[in-house]
Every structure is written in structure tokens, then in C-alpha cells.
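An overview of the molecular structure
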Amino acid sequence: MKKMKLHTTIALVAAISAPTFAGETMAIRVGRAETVTKGVIEHAVILVEDGKIVVVGEDLPVERGIPVLDRPEWTVVPGFVNCYSRLGCDSEGGDDNSPDVMTSDELWPKAAAYKEVVTYGVTTLGLYPAGNGISGQAVAVRPLGDTVEEMLLKDGSYVKIAMRSDSPSKRRISDAFKKIAEYDEKVAKAREKFDKDKKGGSKKEEKPEEKKAFDPAQDAKPEEKDAKKDDGFVPPDADAKLRPWLEMRVGAKRGLVTLGTAADYLHFMDALGTNEFAYDLRLVLQRESDLWYVLDKKTYELDVDGIGDKKLRCVVEPLLTVTQGTMRTRNLPHELHRAGAKVVFIPRNDSLPDHKAWLPHVGEVVNAGLPSDVALRAMTLEAAEVLGVADRVGSIEKGKDANLVFLTGSPFEATSKIAAVMLDGEFVHGEVNQ
Amino acid sequence: MRLSTIAACVAVVFCTSTFVAAPAWAQDPAPAAGETKSDKKTEDKWVALTGGDIYTGTGEMLRGATILGKNGKIEAIGYDLEIPKDAKVHKVDGMRVYPGLVAISSQGLLGNAGGEFDDTIDPFNSRMVLGLAAGITTTGAGSAAVKLKRFTVDGAVVNERLYSVFSWSGRNPRTKSELREKFAEAARYVREFREWERKVKEQKDLPEPKKSGVDGTVLSVLRGETLAKFNASDRDDLLGIARLAQEYGFRPVIEGCQEGWTVADELGRAGARVILTARDRRSKDEQQVAAGGTSIENAAILHKSGCMVSVTPPTEGVDLGGLEGRDIRMLTIEAGFAVRGGLPDKAGLEAITIVPARIMGISHRVGSLEVGKDFDVLVTDGDILHYKTYVQWAFVDGRMAYDKEKELFYAHIRPRPQAELKVDAGETPRGDAPKEGETKEEKPEDKKDDKPDDKPEEKPEEKKDEKKEDKKD
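Quantities reported herein were computed from a predicted structural model and do not represent experimental measurements. (Residues numbered from 1 in each chain as written. Chains lettered and ligands numbered in written order. Predicted model: local features only at pLDDT ≥ 70, side-chain atom pairs only at ≥ 80, totals over all residues. Heavy atoms only, no water.)

This part covers the overall build of chain A. Each helix and strand in chain A was counted, giving 14 helices and 19 strands. The 434 residues of chain A split such that 57% are buried. In chain A, the proportion of contacts linking residues at least 24 apart, taken out of those at least 6 apart, comes to 69%. (Helix = DSSP H or I, 4+ residues; strand = E, 2+ residues; numbered from the N terminus. Buried < 20%, exposed > 50% of the residue type's maximum accessible area, 1.4 Å probe, protein only. Contact = heavy atoms within 4.5 Å.)

Structure, rendered in C-alpha cells:
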């Protein structure tokens, strides 16, 4: 995997005193670091070791002997995370309810697109399963690597759930919770039986034990079952299609619910009823999107809480929309942010040109009012949260993967260009000569 | 004839009693007002329209009266009503108040999808706004009757199964003989079944009559469980349907009915419920000796003969291309054409309110302003059948669903005095102070519905004003 270099890089690595191979240390001194989690650091120094960020700080002294890349004219931001992509995948899904399908099974590391998106600053990709129903589980990958294992960041990421204003979509959601209820009942019965069989001496715990029994952690990791349960109760096996739902119910996994219209949101809420699970929204922005109707409950006196009230994370295109039937521009990403939702950006389309134009497209939304720190977070950390890899990528922080994008200026300035890209401590794009 | 008269009488009596009762409450506030105060204020949603001329639809017109709604239902209509403190009061002096219109059939008002409207309705689509702007608050869509409720996907469907459609056409004569046989068979079965029911009490082992070969739909028509609907316009077909209906004792719903005026007496005798387009054009079949073709008087003649007449525009969708005035937004204009042809004004209003509601079996909830029915109310700036009239506000289930000044479509055409175009373009941060242009809430009838927390101090003042005026009356 470390051999994966662009030809430009190979020439330039020689110019740097020491290329940053695994196990080596390197210091990067730049004019400005927008870390996302630790604010903006001027005259920042980032120490990278073994592909991880070790230290970040302002004007830190660098130990003698450690190679320093000194670029005071650069701004560094975390590597971009596109959490919603089909790049390199070509399967076709149906309308099924198949949350057990894994996108990692169709991962093809040789796809040329991966090498290209890296040059646009995308250092993490979330690949979702194709299909219109509940089509399966996404996979978070680093877009370089010769094998699936090298690429894999997190398998079994979010579960993609398509939601439309129609009966099948609503039925899929309500059926899932029906199945969960059936399973709960089954577990409760098994528990009862277990306790009866075992009434020899151990204390009889009822309700709390019952709840523990659906803990997906136990279903997922059998070795933990015994550790958690001192009485040795093993809950009955859950159906493969049910297991992701059990995990989502307790937040061990997240769903990504795709919606197109305000009506879809209300129908989703209607289908969900009082049930709950951990989910983010993928809001498909059309030019005349009406999603602004459901930002909050108050404005239009909705029956349910709005997207902002629930502080949901919303995956959207960096797109300015118009009020229906008019030419009045709306900045829906900004409205989402103001209403309290968390914005996540993805390229406008899942094509390479749109990955290339991702930063300027987000710049347009920033220009129209969205705070730039929110926009940067939306391209990095929030996206990592959707994928469940925020502990590894998405910000410039100690301990995180050294995925960095070096820009010639402020990220959303029209004149700024991507100067270099670092993936896991290694320059994979850009002219890095001292 | 008989039935509609009776219905009208009942309605008049009903309404009159309401109005007689109303002042009594005012004098003695104990029953009405006492109740409301003891109720949980947070839960009850009150709305009141004061000062308008209320056209109840089934009863008389009440000049400068008040209509009070509670939790989406009409609570009271009359004068000097006690209005609860937390009610949203809209002063509509000089305006007319009508029941929400009922379109017997439409397309697209509920969004793109069809079928199970509980799961597919799009309460944000702009055609729904256009429908409300046309005064339509309830519509037949597919086989269901659905309300144009905005901002919610809950509770829009009023009736899920409207009628069974039968074919009866001279162009395909077999349909006639087949249907006649089906009715004969079903009628025979009904007779046998009744006899069996009577006898089985004594003879317990008597076998139930065989149901095989009996058409289930026809049977449900004969049992009054569903309405039989025909699409027919030819004189002969209409006559055939009328006679079939008289023979088997059911009241047919007839859509089209272009030559209905030529056989109006027969249709009236059959108690037909007619859905017609007053503007339809069709030339007479010159080979026939009898009268034929369309007549602008069609609706009037059928009404006079005792048919329930409802009207529908030439096209059912929201059609913004082509000739203006032919699509579902022109429901009132269509009724206007029927009135032009001699239909009484009141029957013209009924043709787009209570009659379609009766045909769809939802007249217990919509179609007129009566206590206990849904608070589906229009406020207009003139006679609703007049071409110049615009719907100013439309309420559905007690909630303002349309405000002419706040929607894009007609706000600029003869704007209400003091009102300005205000459309949220998303530029003002939510919860922030309103922009300069938005501080127009001085106008009482423009009470903020979207932002109820704005200017709460205005409400008491208004009520005082309103009470004073009531006393003047």
C-alpha cells in the first residue's frame, strides 16, 4: 500500500530529506491549521509519526534530526470525508429489505476513481450499498490500497434506508420494529425459561436482565456474552436481517435514511411512531426542495419535531436551492445549521468532476452565508461521524490518522488550490519540495 | 326532489335552532364559557372568525356572525358567542364565510403519488396550495375522499371506499344485458336469503341459499353498502340506468349526464346523484327524434327534477397550460356556469359543497357549516361563484391552511388593504426578529398563524373590539 504513489510524488519525495514511510517521524510547519476540533492554529506545527498525528500546536519547537516540511504559505485542513459514494462500485440493488448486505463485498481496490479522488483531498470514502429499499451496510475505506484489507477502515458502517412517501417504505420501517418486538418477546420467553431451569440458587433478576438481553454487543461478539452475563444466559439468535436493527436501536450502529421531500420526512416520522433508533438523514436536495418546511416544529406547527429540533445529522449536497415557483435563492444547508441540525456535505454528484469541484461548491454555500468552520466540519468530522470513524479521521488531532489536505490559502477562498494531500502520513499528491 | 327538500328543511331547522340557542349561551355564560374555561387550555385549540357574512350552505346566511371552532370542529355559529381567551380570532368583517368546497374528483392536489393516501400524501406540494386557493378543502381522489391538510400527513383521508363503477353503454350493448342479469341474480339471492333468514329460526338445518354466481359488487349495491357509479351521457343510456335503478331500488351516481336534461324526470324518479360539467358541449344526434345534445340548463333542469347535482370542471388536474378556466382550480366558475343556466344560487353552492359530500358519503363531516362538522371554512372577498372572487383564507380542520397574502400565487392581485407580500425565502434566521417588511401585524385579520408567539398582547384588544361590534349588531 505504501508503494501507491503518484508519479509526481515519487520525484518529489526525493527532494524531501526523508520520505515519510511508516515508522518515521516528520514535522510539518504551516501558516495555519484548521483543525476542526481544536480551532484554528496559526503557525502550526504538526508532528506525524507512523501515519498518525502525534502532536499539533502553535510554533512548537522541532527536535533536531526530525525532517521538517516548512510551508508558511499553506493552510492545512483535515482530509475530506465523502461518506456517501458509490465510486468504484457497480452492483445494482433492488427494493429489498436486506440490511445484512455488506458493501465491502463489492469493493474493488483497483478502481481508478479512488486514485483520482485522493488528489482532490478526499482521504476517506463511505461506500453505500445500491438499492432502493433497506439495501445494506456501508463501508468506510481509505481510497488507496491494493487489497480490500488495506482499504478497509470500518466495515458494517451505516445501514442505508431509503424512505419515500409510499406504503412500501413505511412498511419496511414499521415491519422492522414489529420484528424487533417479536424478537424481544422471544428473548423474554427464553429468559423466563432459563430462569426457571436455573432457579437452583442464583438471584432472579427480571426487567434489567431482559433489557440487557437485546444488547446487540452480545449478539455481535459472542465472547462478550459470557463476560457480561454472570449467569450464562444466551439470548436466542436474531435473524441476520434483524441484527442490524437491534444494533441501531441501541446506537451501536447508525442508519442513514435518505429523504427527498418534506413529505418524506413526515411519512418517515409517521412510520417510526414512538419507536427510536440511531440514524442520520441523507437529504437529497433538488433545485426546488421543500425541506425547509420541516426544519422546526414551531414555524409550521408540525405534529412532530423538525429536523433541527431533533438536531439530526443531515448529509446534503453543497447546493443553493430556490423557493418553489420562484427564483428566490435559499441556502438550505445554512437553514439546516441555523435550525440546529448538523450538516454533512458530499459532492453534488457522485462523479469525479464533482469531487474535483467539491471544495468550490461548498465555497458557494459558504459565500451565501454558511459559516466556514461549519462547512469544513461538514466535509470532515461530521461525515466521519456518519461513518462511525470519527475516532480515526475527520480532524487534526493527536492520535488521529495523518490525513491532511494542504491548501494554498483559506479553504473556501476561490483562489485557494489543493497543494498537497497526505494520507496516513504519506504524501499521495502534490509538490512537496522544500 | 323529495329528499333534497327534506334535507334542506332539516338543515334549516337545525341551523335555526343553533342560532336561537346561541344568544341564550351569551346571556348565560355558564354552559358554553364555563365548560371551555374548565377544559385544559393547553389542549383545546380554539379558532374564531368574527364579523363575516356566514353562508352555511345548508341553512340561511348570517350577516356579521361569528363561527367558533374547537379542535378542528365547528363548536358554534351565531351572534354574541363567548370566545375563549386563547382562541385565535380572525376579524373578517365585510368578508363572506363559506364551507370549504368539495371537489368530487381531482388529480394531483395531494402530490404525485396515488393510492394509499395515508402513506403518499404530500402536504407541502404547491398544487395543494392552488387547490386551497380555489377553495377546495376536500377532494375525491381515486377511490377515496381526502382533505387538503397541509403540514401534516395525519388524518387526511375521510372515506376510503366511495363507489363501485359499472359500465352501461349503448356502444357496448353487452354491458347492459350482463349488468341486468347480474342485478336480477343478486336480487333473487337477496330475496332467497331474506326468506331463509325468516325460516331458519324454525328450521335450523335449512341450508343457506347458494351465493355462487352472484356478483358481490352488485349485491353490495342492493344492500346499500356501496354506491353504484356509471359514466353515461347518452339519453338512452341514462334512461336505461334510471329504469334499472328504479327497478332494483338503488340510487345511481351518474357522471357525465350530458343529455340528462332530456330524461330529467326519469332520473329524478330514480333519485340519481349527478356529476356534471355545466360547460360540456355535445351536439344532438340528428337521427334521433327525441331531444338531445347538451344544454346550459342541464344542471338546473336536473335539480328541478329532484336529482342531486354536483359539478366538476372539464379537467380534473391542476392545469397551468392551455386555456385558462378549465381545470380543477375553476370549480367555482363551473358552478357559476350552472347558475347561469338557471340553477338557483344556493343549489350552485351546494353543487360544490354538500352534494359532492353526500355523494362521497362524507356529508357528516364536510360540505356545510354546521355545529359538529369539521371546521373547513373559506373566507372570501365576495360571492364565491363570482369570477372576481378570491379565497382570502382557507381553514381545514380549524387550522389556517391558506392565506392569499402569504402564498405566492395570487397575493399581488387585488391585495388586501395593508397586507403585503410576505414569503419566507429563508433569508431571515429562524427565531430572529422579523425583517422590516414583516412588521405588518397591525392588521387584525392577519393574525400570525405561522408564528403564534408573535404579538400575543394583541389578542385581548381584538376581542374587545369584536365584542363592541357584536353589541352594535
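Assigned secondary structure in chain B consists of 13 helices and 17 strands. Relative to its full complement of 473 residues, chain B shows a buried share of 56%. Of the roughly 21300 Å² of accessible surface on chain B, 50% is carried by carbon and sulfur atoms. (Areas by Shrake-Rupley, 256 points an atom, 1.4 Å probe, with all protein chains shown as cover.)

Bringing helix H10 (residues 332–339) of chain A into the picture now. All names here are of chain A. Within H10, six of the eight residues are buried, which leaves it mostly tucked inside the rest of the structure. All buried positions along H10 are accounted for by Leu332, Pro333, His334, Glu335, Leu336 and Ala339. Those residues of H10 that are buried are in contact with strand E12 (279–283), strand E13 (313–316), strand E14 (321–322), strand E15 (329–330), strand E16 (342–345) and helix H12 (358–367). Once H10 ends, the next one or two residues include Gly340, with phi positive near 110°.

Moving on, we get to the side chain of Asp119 of chain B. By the element assignment, Asp119 of chain B lies in helix H3 (residues 117–120). Residue classification places Asp119 of chain B among the buried positions, given a relative accessible area of 18%. Excluding anything up to four places from it in sequence, Asp119 of chain B contacts Ser165, Asp166, Ser167, Lys170 and His267 of chain A.

The strands that make up a sheet pair up through hydrogen bonds in the backbone, lying either parallel or antiparallel. All names here are of chain A. In space, the four strands of this open sheet follow the order E5-E6-E8-E9, with mixed pairing throughout. A single partner strand is all that each edge strand has here, and the edge strands are strand E5 (80–85) and strand E9 (152–154). The sheet shows a mean angle of 30° between the axes of neighbouring strands, direction not considered. Pairing of E5 with strand E6 (residues 122–127) involves four bridges; the strand directions are parallel. When the sheet's bridge partners are listed, Asn82 is paired in E6 with Leu125. (Pairing = 2+ DSSP bridges. Axes fitted to C-alpha atoms, helices over the stretch in contact; angles between N-to-C directions.)

It is worth spelling out the layout of surface pockets at this point. Volume-wise, the second largest pocket comes out at about 630 Å³. Looking at the lining of the second largest pocket, the elements with two or more residues in it are strand E10 (159–162) and strand E11 (255–259) of chain A together with helix H4 (126–133) of chain B. Taken together, the residues of the lining of the second largest pocket break down into eight nonpolar, 14 polar and eight charged. (1 Å grid on protein atoms, 1.4 Å probe; cavity = no way out; pocket = protein on both sides within 12 Å on 5 of 7 lines; lining within 4 Å. Points joined across faces, edges and corners; volume = space filled by probe spheres on them. Nonpolar A, V, L, I, M, F, W, Y, C, P; charged D, E, K, R; others polar.)

Across chain A, the average pLDDT comes to 87, with 87% of residues at or above 70. Taken element by element, chain A is modelled with least confidence in helix H1 (residues 7–15) of chain A, mean pLDDT 38, and with most confidence in E16 of chain A, mean pLDDT 98. (pLDDT = per-residue confidence, 0-100.)

Turning next to the confidence of the model for chain B. All names here are of chain B. Mean pLDDT over chain B stands at 82; residues scoring 70 or higher make up 79%. Low pLDDT, under 50, characterises residues 420–425; the predicted model gives this stretch 23 contacts beyond four residues in sequence or across chains. pLDDT under 50 marks residues 429–473. Its contacts with residues more than four places away, or in other chains, come to 75 contacts.

Attention now goes to the nonpolar core. By size, the foremost hydrophobic cluster in this structure holds 184 residues, and its most contacted members are Phe268, Leu281 and Phe345 of chain A. Residues in contact with Phe345 of chain A, not counting those within four places in the same chain, are Val81, Val316, Glu317, Pro318, Pro333, Trp358, Val362, Val365, Leu370, Ala375, Ala378 and Met379 of chain A. (Core = buried A, V, L, I, M, F, W, Y, C linked by side-chain atoms within 4.5 Å.)

The subject of this paragraph is the environment of Gly94 of chain B. Its place among the elements puts Gly94 of chain B in the loop between strand E4 (88–91) and strand E5 (96–99). Along the sequence, Gly94 of chain B and Asp53 of chain B sit 41 residues apart, while their C-alpha atoms lie 7.2 Å from each other.

To continue, consider the environment of Leu246 of chain A. Residue and element names in this part refer to chain A. As for its position among the elements, Leu246 is in helix H8 (residues 243–249). Owing to a relative accessible area of 1%, Leu246 belongs among the buried residues under this scheme. Distance from Leu246 to Lys179, taken between C-alpha atoms, is 9.9 Å for residues 67 residues apart in sequence.

Turning to the packing of aromatic side chains, a few remarks are in order. All names here are of chain A. Taken as a whole and judged by the stated rule, the model has 29 aromatic pairs over all chains. A centroid spacing of 5.4 Å and a plane angle of 40° characterise the contact between Trp74 and Phe406, whose relative ring orientation is tilted. With a gap of 332 residues between them, Trp74 in strand E4 (residues 68–78) and Phe406 in strand E17 (residues 404–407) connect regions that are remote in the sequence. Judged by relative accessible area, Trp74 falls into the buried class, the value being 4%. In this arrangement the basic side chain of Arg86 is found over the ring face of Tyr128, its NZ or CZ atom lying 5.9 Å from the centre. The ring of Phe233 carries Arg191 above its face, with NZ or CZ at 4.5 Å from the centroid. (Phe/Tyr/Trp six-rings, centres within 6.5 Å; stacked < 30°, edge-to-face > 60°. Lys NZ or Arg CZ within 6 Å of the ring centre and 35° of its normal.)

A contiguous patch of negative charge, built from Asp303 of chain A together with Glu116, Asp118, Asp154 and Glu160 of chain B, is present on the exposed surface. Structurally, Asp154 of chain B is set in the loop between strand E8 (144–147) and strand E9 (157–159). (Patch = residues over 30% accessible without salt bridge, like charges linked within 9 Å, V, L, I, M, F, W, Y side chains within 5 Å. Salt bridge = Lys/Arg side-chain N within 4 Å of Asp/Glu carboxyl O. Lys, Arg positive; Asp, Glu negative; His and termini not counted. Charge placed at Lys NZ, Arg CZ, Asp CG, Glu CD.)

Here the focus is the sheet that holds E10 of chain A. Residue and element names in this part refer to chain A. The six strands lie next to each other as E7-E10-E11-E12-E13-E16, forming an open sheet whose pairing is mixed. Because the sheet does not close on itself, it has two edges, and the strands there are strand E7 (134–137) and E16. The sheet shows a mean angle of 25° between the axes of neighbouring strands, taken without regard to direction. Bridging between E10 and E11 involves four bridges; their strand directions are parallel. In the sheet register, Ala162 faces E11, and the bridge partner there is Thr258. Those strands touched by helix H9 (residues 262–272) are E11 and E12, and its axis lies near 155° from that of E12.

Our next topic: the pattern of salt bridges. What the rule picks out here adds up to 50 salt bridges over all chains. Arg392 of chain A serves as the salt-bridge partner of Asp401 of chain A, at 3.0 Å between the closest nitrogen and oxygen. A relative accessible area of 3% means that Asp401 of chain A is categorised as buried. Of the charged contacts, one joins Asp234 of chain B and Arg282 of chain B as a salt bridge, the two residues approaching to 2.0 Å between their closest N and O atoms. Placement of Asp234 of chain B in the loop between strand E11 (227–232) and helix H7 (235–248) and of Arg282 of chain B in the loop between strand E13 (273–276) and helix H9 (298–304) is noted, with a sequence separation of 48 residues between them. Residue class for Arg282 of chain B comes out partly exposed when judged on its relative accessible area of 25%. Salt bridges sharing common partners tie together Lys73, Lys147, Lys149, Arg365, Asp374, Asp376 and Asp397 of chain B.

This next bit is on the pairing of strand E7 (residues 136–141) of chain B. For a regular strand, the rule is simple: side chains alternate between the two faces of the sheet. Residue and element names in this part refer to chain B. Of all six residues that make up E7, six are buried, and the element is covered over most of its length. Here three bridges tie strand E6 (residues 101–103) to E7, and the two strands are oriented parallel to one another. Paired with Val102 across the bridge in E7 is Thr138. Taken together, E7 and the strand that follows it, E8, pair antiparallel across an intervening segment of two residues, in which Gly142 is found at a positive phi of about 60°.

Let us look at unusual backbone geometry. The phi angle at His43 of chain A is positive, at roughly 45°, despite the residue not being glycine. If you trace the backbone, His43 of chain A turns up in strand E2 (residues 40–49). Of note, Asn71 of chain B is a non-glycine position whose phi angle comes to about 50°, a positive value. Secondary-structure assignment places Asn71 of chain B in the loop between strand E2 (61–70) and strand E3 (73–78). Residue Asn71 of chain B is classed as partly exposed on the basis of its relative accessible area, which comes to 42%.

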